[in-house]
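Now for the letters of each chain:
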Amino acid sequence: MTETINTRSWLFAPGDSERKMAKCADSAADVALFDLEDAVTVDRKPAARTMVREFLQSQETGHERLWVRINPVDGPFAVDDLAAVMPGKPGGIMLPKSRGRHDVELLDHYLTALEAANGIEQGSTKVIALVTEAAEAMFTTGDYAGAPRLIGMTWGAEDLADALGASNNRDASGDYDFTYKLARSLCLIGAATANVLPIETIHGDFRDIDGLRARAEKVRADGYRGMLAIHPAQVEVINEAFTPSEDEIAAAQEIVDIFAANPGVGAIGYKGGMLDRPYLARAETVLRLAGRL
């Protein structure tokens, strides 16, 4: 990726639908994700590969935000996916069902060869990994530090439920059961360890806008920096939730300014309480998210 892009909203579109890919690319999503995995049946994958490549090649600009989700690298389709789409110069690749750092390293080898073959700048094709979809992957979420090309980690609950043989992954209130909340936490902690972006998984009911907003705001407060989307109607809500408000920016700037005016001080009185260095770090994070730092 040669340009910096926002990473709040990651919108999926099936790779075997030119209409849906065009709608996805034209949306306000920060990243358009053309899917060759779950959204495409086995018999449609060859056609979908061609359609994704041709769509990428038809776009004169903006490739840095046009990504492709390939099939898992330990399966029979990933190499064909990559060979087909890399001539279109996607901005990045989503790696599903990653079992650990070794899968990202294998993907890096494939991408290095295909970049060379297609005249693409070495290392410019970035990667985001889905890190909890396989059962064994739950034990490797902390192993991604320094993984080549990796800029983000996200997680999935549905494939994990399948891997575990679960018939349901929700509790009586409709929230995720403990195991899937654990997957979310391990993804967040793993991303922090690897110093990459943690990206929240999908909100499956695209009509539940209020529920989406509440969830997006909650996970952003937890430390997540973006969210996957399955419908264009979700994009605006996600973008808003992961963009600091003017009030948040003003409060963060005030804290940063207080510490700047008192260099070397570890704790400062503020509005009847005390601010220490973790408060400064949080304020700086808000300003970075807002592009003010």
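This text goes with the structure placed above it.
Since the model is a prediction, treat every value here as computed from it, not as a measurement.

Visitor: Mind showing me how you'd approach the overall build of the protein chain here?
Guide: For the protein chain, the count of helices and strands is 10 helices and 10 strands. Over its C-alpha trace the protein chain gives a radius of gyration of 20 Å, about what one expects of a compact globule, namely 19 Å for 293 residues. With the C-alpha coordinates aligned to their principal axes, the bounding extent of the protein chain is approximately 65 × 50 × 35 Å. Buried positions account for 48% of the 293 residues belonging to the protein chain. If you sum the accessible surface of the protein chain, you get close to 13,400 Å²; carbon and sulfur atoms cover 52% of it. Charge-centre separation for the protein chain: the mean point of 30 positive side chains lies 1 Å from the mean point of 44 negative side chains.

Visitor: Where do I start with unusual backbone geometry in this structure?
Guide: As a rule of thumb, non-glycine residues mostly have phi less than zero, and peptide bonds are mostly trans rather than cis. Non-glycine residue lysine 97 carries a positive phi angle of around 50°. A positive phi angle, near 60°, is found at asparagine 195, a position not held by glycine.

Visitor: What am I meant to see in helix α9 (residues 246-261) here?
Guide: For an α-helix, the turn length of 3.6 residues means that residues three or four places apart are oriented alike. Along its 16 residues, α9 runs 22 Å from first to last C-alpha, staying within 8% of the 22 Å computed at 1.5 Å per residue. Taken together, the buried positions of α9 are Ile249, Ala252, Ile255, Val256, Ile258 and Phe259. Among the structural elements, β9 (267-270), β10 (273-276) and α10 (277-289) are those in contact with the buried residues of α9.

Visitor: Help me understand the environment of asparagine 71, please; the structure alone is not making it clear to me.
Guide: Looking at the element boundaries, asparagine 71 is found in the loop between β3 (66-69) and α3 (78-85). For asparagine 71, a relative accessible area of 5% gives the class buried. In this structure asparagine 71 touches Leu36, Glu37, Lys45, Phe77, Ala78, Asp81 and Pro96, once residues within four positions along its chain are discounted. A distance of 3.0 Å separates the side chain of asparagine 71 from the backbone oxygen of leucine 36, its partner in a polar contact.

Reading the values: rules and limits
Residues numbered from 1 in each chain as written. Predicted model: local features only at pLDDT ≥ 70, side-chain atom pairs only at ≥ 80, totals over all residues. Heavy atoms only, no water. Helix = DSSP H or I, 4+ residues; strand = E, 2+ residues; numbered from the N terminus. Rg over C-alpha atoms; globule rule 2.2 N^0.38 Å. Buried < 20%, exposed > 50% of the residue type's maximum accessible area, 1.4 Å probe, protein only. Areas by Shrake-Rupley, 256 points an atom, 1.4 Å probe, with all protein chains shown as cover. Lys, Arg positive; Asp, Glu negative; His and termini not counted. Charge placed at Lys NZ, Arg CZ, Asp CG, Glu CD. Expected span 1.5 Å × (residues − 1). Contact = heavy atoms within 4.5 Å. Polar contact = N/O pair within 3.5 Å; in protein donor to acceptor, adjacent residues only side chain to side chain.

Read these as layout, nothing more, since geometry by itself doesn't imply function.
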